[in-house]
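Inside the fold
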Amino acid sequence: MFGTKDHLRAEGGHLTIDGVDVVDLAEEFGTPLYVTSEARLRANARAYREAFPEALIYFAVKANGNLALLRILAEEGLGADVFSAGELSLVRMAGIPGEKVLFNGNSKRTEELKMALEAGVRISADSLDELLALAEVAKEMGEEAEVAFRVNPDVSAKTHPKIATGLKTSKFGIPWQDLVEVYERAMGLEGVKPVGLHCHIGSQILDTAPFVEAAARMMELAGRIVEVGGKIEMMDFGGGLGIPYTPETAAPTPSQLASGIKPVFEEGCRRLGISPRMILEPGRSIVADSTIFLTRVNVVKRAHVNFVGVDAGFNLLARPMLYDAYHHVVVANKADGRAEERYTVVGPICESGDVLAKDRNLPRIERGDLIAMLDAGAYGFSMASVYNGQPRCPEVLVGGGRAELIRRGEDQSVLLSGQVVPARLLK
Ligand SMILES: Cc1ncc(COP(=O)(O)O)c(C=O)c1O
Ligand SMILES: N[C@@H](CCCC[NH3+])C(=O)O
């Protein structure tokens, strides 16, 4: 019933996650609620480790920054791709060692460069300007920064335009035509040690061909760097593997991705006589399907369309609003009910775009029913906000047959957090 998601079942009319009834979870922890299957998260991490046994897998923390989940991924041997000082702090707290971290970013602050150097992590330079700034900072600190270079390979990832990152019009990376020149420049700079190349062509990519195309371009560039006497210790091919959000979608597995890019990498390395470490940076394909998002029905309004008003909106799950993204909907307390009516599920936020799911055929819905949105683990909570005065919800981990709170829900005090009212306005 749930495709390859064997952590989800319909049992006695209720949706269960790893054998735990989600209707009970909603009672115990309240709604809205993010619920993650530990078993599924570990299985996803292992699928990558098995498909790429000789590579380093760096989890993209932007997909999900929950400490308990990062700790599980650290236990599974994963490193991390971080995109800010904040994400770097999180992975260090989760126990991911500095040598398994790459600090990415297209516009890093000086303090972030310093923090990365202090933490001893490798840095991906996104531009010549940043490289020069980094060299200065490193010299001042008496350090040498190990630097990879983010390449813009000008490859179309065939995904939603807002999440394609490897086209020449994208803000990310150094145009591939300029790369060798920048690398050579770095070779002559004090304070930096160039160690390899990095790319990331986009997210939710459902075909291995763009990855293969980007890998070929990266190996071609590695060849040109070797020709000018440069060293290549790492080749990071980024993340981006998509997942089947809709029941009709097919997505490549990590092992299919490996069949596509490994031959290009290995053949290139042989030809060039180099032996860099391969790195991948998956986010979505590790965490998305491990997590469901639960939200309670407040109202059913029969109007031009049948609206189901729930207690969570795009403040807590922004993907449908931002990218017209599809998340499969299950009525969790009627999980094996027959589809009887067509509904549009909307949140409580004061914007017409606050639609979580459009035109879905579902069992008959009434106030109090529990809606589960599937595949919510990536870019779900991590993109949540308190817009419209809505504090963020709790997160729960299901593992070993029990459920544990892994993030407390916020109360309204979060809305006051950091606010200062000048005394003159308090009269
Ligand atoms: C540099 C970098 N690496 C890795 C990722 C992870 O991507 P995904 O979650 O699609 O695997 C991203 C996000 O797109 C990214 O910007
Ligand atoms: N936030 C996007 C993915 C962006 C990836 C970050 N470069 C999503 O939810 O699909």
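Residues numbered from 1 in each chain as written. Chains lettered and ligands numbered in written order. Predicted model: local features only at pLDDT ≥ 70, side-chain atom pairs only at ≥ 80, totals over all residues.

For the protein, the domain assignment lists domain 1 (8-30 + 290-416) and domain 2 (38-283). For domain 1 and domain 2, the distance between their C-alpha centres works out to 33 Å. Every contact between the two is made by 20 residues of domain 1 and, on the other side, 19 residues of domain 2. Of the residues belonging to the side of domain 1 that touches domain 2, the class tally is 10 nonpolar, 6 polar and 4 charged. (Domains from an automatic or database assignment. Contact = placed C-beta atoms within 7 Å. Nonpolar A, V, L, I, M, F, W, Y, C, P; charged D, E, K, R; others polar.)

Further remarks concern the nonpolar core. Note that soluble globular proteins tend to have their nonpolar side chains buried in a common cluster. Counting 83 residues, the largest nonpolar core has Leu134, Val147, Leu197 and Met218 as its most contacted members. For this core, the leading source of residues is helix 8 (residues 209-227), giving 8 residues. Beyond its immediate sequence surroundings of up to four residues, Leu134 is in contact with Leu113, Ile123, Ala125, Ala145, Val147 and Val192. With 46 residues, the next largest nonpolar core counts Val35, Val331, Val346 and Met373 among its residues. (Core = buried A, V, L, I, M, F, W, Y, C linked by C-beta atoms within 7 Å. Buried ≥ 20, exposed ≤ 12 C-beta atoms within 10 Å, placed from the backbone. Helix = DSSP H or I, 4+ residues; strand = E, 2+ residues; numbered from the N terminus.)

The subject of this paragraph is the sheet that holds strand 2 (residues 14-17). Here we have 3 strands laid out as an open sheet, ordered 1-2-3, and antiparallel in their pairing. Because the sheet does not close on itself, it has two edges, and the strands there are strand 1 (8-11) and strand 3 (20-21). As defined by bridge partners, strand 1 adjoins strand 2 across 4 bridges and the pair is classed as antiparallel. From the neighbouring strand, Glu11 faces strand 2, where its bridge partner is His14. The strands touched by helix 1 (residues 22-29) are strand 2 and strand 3; relative to strand 2, the strand with the most contacts, the crossing angle is about 80 degrees. (Pairing = 2+ DSSP bridges. Axes fitted to C-alpha atoms, helices over the stretch in contact; angles between N-to-C directions.)

With that settled, consider the UniProt feature "domain: Orn/DAP/Arg decarboxylase 2 N-terminal" (unreviewed entry) in the protein. In the numbering adopted here, UniProt assigns the feature "domain: Orn/DAP/Arg decarboxylase 2 N-terminal" (unreviewed entry) to residues 39-288. Across residues 39-288, helical content stands at 42% and strand content at 16%; the span's end C-alpha atoms are separated by 13 Å. (UniProt positions renumbered as here; feature names shortened; annotations may be inferred.)

In the region of ligand 2, the neighbouring residues are Lys62, Ile163, Thr165, Ser203, Gln204, Arg319, Tyr323 and Tyr379. For the shell around ligand 2, the per-class residue count stands at 3 nonpolar, 3 polar and 2 charged. When residues of the shell around ligand 2 are assigned to domains, at least three map to each of domain 1 (8-30 + 290-416) and domain 2 (38-283). (Near = placed C-beta within 6 Å.)

The environment of ligand 1 is formed by 16 residues, the closest being Ala60, Ser203, Gly239, Gly283 and Arg284. Of the residues that constitute the shell around ligand 1, the class distribution is 5 nonpolar, 8 polar and 3 charged.

Our next topic: the UniProt feature "binding site: substrate" (unreviewed entry) in the protein. In the numbering used here, UniProt assigns the feature "binding site: substrate" (unreviewed entry) to Arg284, Arg319, Tyr323, Glu351 and Tyr379. A maximum C-alpha distance of 27.0 Å shows the annotated residues, which cover 96 residues in sequence, to be distributed over more than one spot. Inspection of the secondary structure puts Arg284 in helix 10 (residues 284-287). Taking the C-beta count within 10 Å as the criterion, Arg284 has 25 such neighbours and is therefore assigned buried. Once residues within four sequence positions are removed from consideration, Arg284 is found in contact with Ala63, Ser203, Gln204, Ile243 and Ala378. When you line up the elements, Tyr323 lands in helix 11 (residues 319-323).

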